[in-house]
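In case you want the letters, here they are:
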Amino acid sequence: MSVLFQSARGWLVDQLSHANRGFERCIAGGTASRERFVRFSYKSEYFETLKPHIVDGSPRHEHNGARGAPGRGGRKRKRKCEELNQGEIDAQHYHEKVRRVILEGMESFVEAGRSCGYLAQVDGERRLLPAGPDDRLAELCDTAKQLPLVDDSEEHPAQRVPSDDESLDTLDLFTRVTENPWPFAREVAFLGETYLLPPRCSFLLSDVSRLQPLLNYGKKFDAVVLDPPWENKSVKRSNRYSSLPSSQLARLPVADLCAPDCVVATWVTNRQQHRRFVREHLYPLWGVEPQAEWLWVKVTRSGAYVFPLDSPHKKPYEVLVLGRVRRGPDALLSSTRERGAALPDLRLIVSVPCRLHSHKPSLAEVLKEFLGPNPQCLELFARNLQPDWTSWGNEVLKFQHRSYFEWLKNGSAR
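The structure displayed is predicted, hence computed values, not measured ones.

How do you make sense of the environment of Q400 when you look at a structure like this?
Summarising the element assignment, Q400 is placed in the loop between β16 (389–393) and β17 (405–409). On a C-alpha basis, the gap between Q400 and Q386 in space is 9.9 Å, while along the polypeptide they are 14 residues apart. Setting aside chain neighbours within four positions, we find Q400 in contact with F23, Y42, T194, Y195, L196, P198, N384, L385 and F405.

Would you take a moment to explain unusual backbone geometry for this structure?
With glycine set apart, most residues show a phi of negative sign, and most peptide bonds adopt trans. Of note in the backbone geometry, L191 takes a positive phi value of approximately 50° without being a glycine. If you trace the backbone, L191 turns up in the loop between β7 (185–190) and β8 (193–197). Although it is not a glycine, L346 adopts a positive phi angle of roughly 55°. Relative to the helices and strands, L346 is located in the loop between α9 (331–339) and β14 (348–351). Take L346: its relative accessible area is 17%, and that puts it in the buried class.

Whenever I open this one, empty space enclosed by the protein confuses me. Can you help?
Where empty space is left becomes clear once a probe the size of a water molecule has been rolled over the atoms. Per the stated rule, a full pass over the model turns up 3 cavities of 30 Å³ or more. The computed volume of the largest cavity comes to approximately 350 Å³. Lining the largest cavity are 28 residues, with H359, K360, S362, N384 and Q386 sitting closest to its centre. With 3 residues, the top contributor of residues to the lining of the largest cavity is helix α1 (residues 15–19). Looking at the lining of the largest cavity residue by residue, the classes come out as 14 nonpolar, 9 polar and 5 charged.

For this particular structure, what's the right way to read the side chain of N384?
Tracing the backbone through its elements, the reader meets N384 in the loop between β15 (377–380) and β16. In contact with N384, other than residues within four places in its own chain, are Y42, H359, E379, S391, V396, F399 and Q400.

Explanation requested: the sheet that holds strand β2 (residues 10–13) in the structure shown.
Sheet strands associate in pairs through backbone hydrogen bonding, adopting either a parallel or an antiparallel arrangement. Strand order in the open sheet formed by 12 strands is β1-β2-β14-β12-β13-β11-β10-β15-β16-β9-β6-β5, and the pairing between neighbours is mixed. Strands at the two margins of the open sheet, each flanked by one partner only, are β1 (3–7) and β5 (158–160). Taken pair by pair, the neighbouring strands of this sheet meet at an average axis angle of 20°, ignoring direction. In the sheet, strand β10 (residues 221–226) pairs with strand β11 (residues 258–268) via 5 bridges, with the strands oriented parallel. Paired with L226 across the bridge in β11 is T266.

So what exactly am I meant to see when it comes to the state of the cysteines here?
Linking two cysteines covalently via their sulfur atoms produces the bond known as a disulfide. Enumeration over the complete set of coordinates arrives at 0 disulfides. Cysteine C262 remains unbridged, with the sulfur of C258 as its closest cysteine sulfur at 3.7 Å.

Looking at this structure, how should I read the side chain of T49?
The residue T49 is located in the loop between β4 (37–42) and α2 (86–115) in this model. Residue T49 is classed as buried on the basis of its relative accessible area of 1%. Side-chain polar atoms of T49 contact the backbone oxygen of P353, separated by 3.3 Å. For T49, the residues in contact, after removing those within four places along its chain, are T300, R301, V306, V352, P353 and R355.

Any chance you could explain α2 here in plain terms?
Every α-helix carries 3.6 residues per turn, so stepping three or four residues along brings you back to the same face. Compared with an ideal rise of 1.5 Å per residue, which puts 30 residues at 44 Å, α2 spans 43 Å between its outermost C-alpha atoms and is within 8% of the ideal. Most pronounced at M106, the bend in α2 amounts to some 35°. The opening residue of α2, the one whose side-chain oxygen lies 2.7 Å from the backbone nitrogen of E88, is N85. Note on α2: the residue one or two positions beyond its end, G117, has a positive phi of about 90°.

What is the right way to look at the pairing of β15 in this model?
As a general feature of sheets, a regular strand has side chains that alternate between the two faces. Of the two faces of β15, both are covered, the one formed by C377 and E379 as well as the one formed by L378 and L380. Alignment of β10 against β15, held across 4 bridges, turns out to be parallel. In the strand pairing of β15, L226 is matched with L380. Bridge analysis of β15 against β16 gives 4 bridges, and the strand direction is parallel. Following the sheet pairing, L378 is matched in β16 by T390.

Parameters and conventions
- Residues numbered from 1 in each chain as written.
- Predicted model: local features only at pLDDT ≥ 70, side-chain atom pairs only at ≥ 80, totals over all residues.
- Heavy atoms only, no water.
- Helix = DSSP H or I, 4+ residues; strand = E, 2+ residues; numbered from the N terminus.
- Contact = heavy atoms within 4.5 Å.
- Buried < 20%, exposed > 50% of the residue type's maximum accessible area, 1.4 Å probe, protein only.
- 1 Å grid on protein atoms, 1.4 Å probe; cavity = no way out; pocket = protein on both sides within 12 Å on 5 of 7 lines; lining within 4 Å.
- Points joined across faces, edges and corners; volume = space filled by probe spheres on them.
- Nonpolar A, V, L, I, M, F, W, Y, C, P; charged D, E, K, R; others polar.
- Pairing = 2+ DSSP bridges.
- Axes fitted to C-alpha atoms, helices over the stretch in contact; angles between N-to-C directions.
- Disulfide = S-S within 2.5 Å.
- Polar contact = N/O pair within 3.5 Å; in protein donor to acceptor, adjacent residues only side chain to side chain.
- Expected span 1.5 Å × (residues − 1).
- Bend = angle between axes of the 7 residues up to and from the residue.

Okay, structure coming up:
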């Protein structure tokens, strides 16, 4: 279970536990048989954040005991005779609002994490991450756009991973949704690389110029989660991935993918400009009523914030803006009667983050209580797959690459 502790303030989440869900029984290629089932796990070093990235210089920054809740009263950098611009003023006001919520809630989450062993005093230096694969998924999407468009996906909206062939090379992953309908994970080959597909997942490998196959898929989703590649200076400097202008985000056909009363959740950076854009422009455009903002608070294995809470540069939290689709004058009344669970505001999602860049915690478990039975769920701009979810993005298989996993035999890595 990825949710280790839950209260009225939010959830303590084990990201590694959820990432491994579905890989206990995996077919390592070829025809399914009892002898071919093996178990895989993400390599644990990807989820070992042992020490803060920046240590708070405050004497009150402690790691032992709940009273030493991390980052309390961090030291702020002084500006050199400069006035704050409007964006910095807005960010400061927002931080003061959420800071109180974080401080009031974190003590109980740290205590619960230590009680169950998820959080503990851990010695040792942070291990270097192994080099990632030479990922060419985004490049392949660009190449696919140069090919003549022969799209019969409206007549054949989905294709299945074969039961007796471990290769995806015979399938067109760019113009048709691909499904792994089997109740077990699959190890598959694609253009010379090996990937692991969780059970009952579906995905489309494409960019924003070829979203029609997802619309042709014919599903209306009860939850849509977006992690857009927002434009900002650090992304441009790092060149880790391509960003997307806000004007292109507004063109996404999210409204056409949502079922009535669908929960829509969008990750935003700590720039207030992006948060307001989602609430005041994107959501009204998609027929979504903004209802709540949740905070993903990132901590080390000892329970300290990964950055000082009051750091003027990077904060130890990210914001998730949530809302519900509202269509028609009776939508609010009917949805309240059918669902009976409004989205609470200012809840915390606390976890030790994955060290892979831009790997957000799954929302599958925390959204359950706000959805109906057997919900259809979609993630846009995904870089990994989840059991029972549909995923879309130009790097949708990125973190499913075999190199991120280890083979477990009798509980031991091999």
